[in-house]
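A closer look at the structure
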Amino acid sequence: MAEITYVRGDATAPQGKGVKVIAHVCNDLGGWGKGFVLALSRRWPEPEAAFRRWHRERAGNDFGLGALQLVQVEPYVWVANLVGQRGIRTGRSTGVPVRYEAIGTALAALGDHARELGASVHMPRIGCGLAGGRWERVEPLVSARLVERGVPVTVYDVG
């Protein structure tokens with residue numbers, strides 16, 4: 001049985017050969033400006049532009065919790081925008097924005113695409129930063145939707 005590989009490093013510079021998909025969690029408000037997305041935007045403008053367009057045109061597309069958007073940024077590198085966060089945390093917020101079911105749905109779709117592309121998936125501990133999630137809840141979703149379906153996964157911890 002395959003398992004998740006954990007490494008220290010930068011998820012925006014995925015290690016290994018072949019096609020790679022960098023996965024991260026986005027909110028359902030169309031906001032892009034804090035957390036891991038800043039590192040993505042420093043490397044490539046396309047994921048942010050595509051995400052903002054997807055949100056702006058949401059009346060005519062599938063944007064919403066559980067949705068997946070794949071954006072090609074290099075010949076063998078894609079970014080997966082997974083909508084797995086309801087809103088954002090504010091000073092008055094109660095509870096956390098993470099939505100585990102939505103992350104699971106988006107990861108299942110990502111699993112299908114990764115298999116079609118013959119790709120490995122690379123990510124920070126998705127849903128566990130600004131979204132406020134717990135890795136103990138996210139990790140089983142990553143395992144079930146990706147690893148158990150034969151998709152290699154590498155999780156990057158900074159520093």
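These figures come from a predicted structure and were not determined experimentally. (Residues numbered from 1 in each chain as written. Predicted model: local features only at pLDDT ≥ 70, side-chain atom pairs only at ≥ 80, totals over all residues. Heavy atoms only, no water.)

This part covers the overall build of the protein chain. A tally of helices and strands in the protein chain yields 4 helices and 6 strands. Taken from N to C terminus, the helices and strands of the protein chain fall in the order β-β-α-α-β-β-α-β-α-β. For 159 residues, the compact-globule estimate of 2.2 N^0.38 gives 15 Å, and the C-alpha radius of gyration of the protein chain, at 14 Å, lies within 12% of that figure. Along the first, second and third principal axes, the C-alpha set of the protein chain runs to 40 × 30 × 30 Å. Of the contacts made within the protein chain by residues no fewer than 6 positions apart, 68% connect residues no fewer than 24 positions apart. Approximately 8100 Å² of the protein chain is accessible, and the part contributed by carbon and sulfur atoms is 50%. (Helix = DSSP H or I, 4+ residues; strand = E, 2+ residues; numbered from the N terminus. Rg over C-alpha atoms; globule rule 2.2 N^0.38 Å. Contact = heavy atoms within 4.5 Å. Areas by Shrake-Rupley, 256 points an atom, 1.4 Å probe, with all protein chains shown as cover.)

If you trace the 6 strands from one edge of the open sheet to the other, you get β1-β6-β5-β2-β4-β3, paired in mixed fashion. The outermost strands of the open sheet, each flanked by one partner alone, are β1 (5–8) and β3 (68–74). Between one strand axis and the next, the sheet turns through 30 degrees on average, direction left out of account. With 8 bridges connecting them, strand β2 (residues 20–27) and strand β4 (residues 77–85) associate as parallel partners. From the neighbouring strand, Val25 faces β4, where its bridge partner is Leu82. Contacting β2, β3 and β4, helix α2 (residues 46–56) crosses the sheet at an angle of about 150 degrees to β3. (Pairing = 2+ DSSP bridges. Axes fitted to C-alpha atoms, helices over the stretch in contact; angles between N-to-C directions.)

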